[in-house]
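# Geometric and topological summary
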Amino acid sequence: MDSIIFDVDGTLWDSTESVAASWNKAITDNAYPEFTVDPDGLSKVFGKTMTEIADTLFPALSSDRRMQLLELCFVEENRYLQEHPGILYDGVADTIRRLSARYPLYIVSNCQCGYIEVLLSTTGLGPYIKDHLCFGETQAPKGETIRMLMEKNNLKSPVYVGDTQGDADACKMAGIPFIFAEYGFGDVPDARMRIHTFSDLEKL
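Since this is a predicted model, take the numbers as computed values, not measurements.

Going residue by residue along strand β5 (residues 131-134), you find Asp131 and Leu133 tucked away on one face and His132 and Cys134 tucked away on the opposite face as well. When strand β4 (residues 105-109) meets β5, the two strands line up parallel, connected through four bridges. Bridging across to β5, isoleucine 107 finds its partner in histidine 132. After leaving β4, the chain enters helix α6 (residues 115-123) and then returns to the sheet as β5, a path that is right-handed.

Structure, rendered in structure tokens:
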């Protein structure tokens, strides 16, 4: 193992309360009163691509209008999270700091551009993360985005830490081991490696 790549939502932090508040503001401000989102509903779509999220949350709109509304939500989300950031899971800050002394650390997420940067700046994790890549930049499935990050940083044998079946499938596509964060939003019954708390990573 030469590095660790992390997912964001459900793995490093929980931002569902703030994201729901920001999306509902964007929806209201842009005259779409028929839609509302709640933290529980968002937790079920976190980790999916932007297109999948738009299709799930705004099915009554045309494809173009779904993506337009989702983009408005993302803009408001990035702004809102600067003042109302997500909450890091127990042990994340200290464990990341200690792990960074032993391994290069990276992030790959299905999020929009700017989201990872908000996480890093508001939580103080920025100095410990070597690089990151997201769907907003690549417009590619997570498995392909992982491979792009690996090639860019010359990573030969990373592991990926995530919390959904989609993360596990992406790791299979990328050909790297998966560690299931079972405290997160998803369920991966067949995960061979798992952590109950984030600090369990140090034991692995």
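Looking at the element boundaries, threonine 164 is found in the loop between β6 (158-162) and α9 (165-174). Look past the residues within four positions of threonine 164 in its chain and what remains in contact with it is Phe46, Phe178, Gly186 and Val188.

In this section: the packing of helix α3 (residues 50-57) against helix α4 (residues 63-83). The N-to-C vectors of α3 and α4 enclose an angle of 105°; their axes lie 9 Å apart at closest approach. The pairing of α3 with α4 is recorded here as roughly perpendicular in orientation. Taking contact as the criterion, the partners of Met50, Thr51, Ile53, Ala54 and Asp55 in α3 are, on α4, Arg66, Met67, Leu70 and Phe74. Taken together, the residues of the contact of α3 with α4 break down into six nonpolar, one polar and two charged.

Another aspect to go through is the packing of α4 against α6. Two quantities define a packed helix pair, namely the angle between the axes and the distance from one axis to the other. It is the contact of α4 with α6, at a shortest axis distance of 10 Å, that shows an interaxial angle of 5°. In terms of orientation, α4 lies roughly parallel with respect to α6. When α4 is examined against α6, the residues Glu77, Asn78, Leu81 and Gln82 are found in contact with a partner set consisting of Tyr115, Val118, Ser121 and Thr122. By residue class, the composition of the contact of α4 with α6 is three nonpolar, four polar and one charged.

What follows covers the nonpolar core. Core analysis: the biggest nonpolar cluster contains 50 residues, and Phe6, Trp23, Leu42, Phe58 and Ile107 have the highest contact counts within it. Residues in contact with phenylalanine 6, not counting those within four places in the same chain, are Leu12, Ile96, Leu99, Leu105, Tyr106, Ile107, Val108, Tyr160, Val161, Phe198 and Leu201. Of all hydrophobic cores here, the second largest spans 18 residues; its members include Ile5, Ala168, Ala170 and Ala174.

Definitions and cut-offs
Each chain carries its own residue numbering, running from 1 in the written order of its sequence. In keeping with the model being predicted, local features are shown solely for residues with a pLDDT of at least 70 and side-chain atom pairs are shown and tallied solely at 80 or more, while totals for entire chains, interfaces and linings include all residues. Side-chain numbers here rest on the full set of heavy atoms in the structure, without hydrogens or water. For every residue, the accessible area obtained with a 1.4 Å probe (protein chains only) is divided by the maximum for its type, and the residue is called buried under 20%, exposed over 50%, and partly exposed between those limits. Only DSSP runs of H or I with at least four residues qualify as helices, and only runs of E with at least two residues qualify as strands; both kinds are numbered from the N terminus onward. Strand pairing is assigned whenever DSSP detects at least two bridges linking the two strands. Handedness of a crossover is defined as follows: with both strands directed away from the viewer, a clockwise route from the first strand across the helix to the second makes it right-handed. Residue contacts are defined here by distance: any two heavy atoms, one from each residue, within 4.5 Å place the two residues in contact. Helix axes are fitted to C-alpha atoms over the stretch in contact, other axes to C-alpha atoms as well, and angles between N-to-C directions run from 0 to 180 degrees. Throughout, the term roughly parallel applies to angles under 35 degrees, roughly antiparallel to angles over 145, roughly perpendicular to angles from 65 to 115, and oblique to all others. Polar here means any residue outside two lists: the nonpolar Ala, Val, Leu, Ile, Met, Phe, Trp, Tyr, Cys and Pro, and the charged Asp, Glu, Lys and Arg; Gly therefore counts as polar. In this description, a nonpolar core means a group of buried Ala, Val, Leu, Ile, Met, Phe, Trp, Tyr and Cys residues linked to one another through side-chain atoms lying within 4.5 Å.

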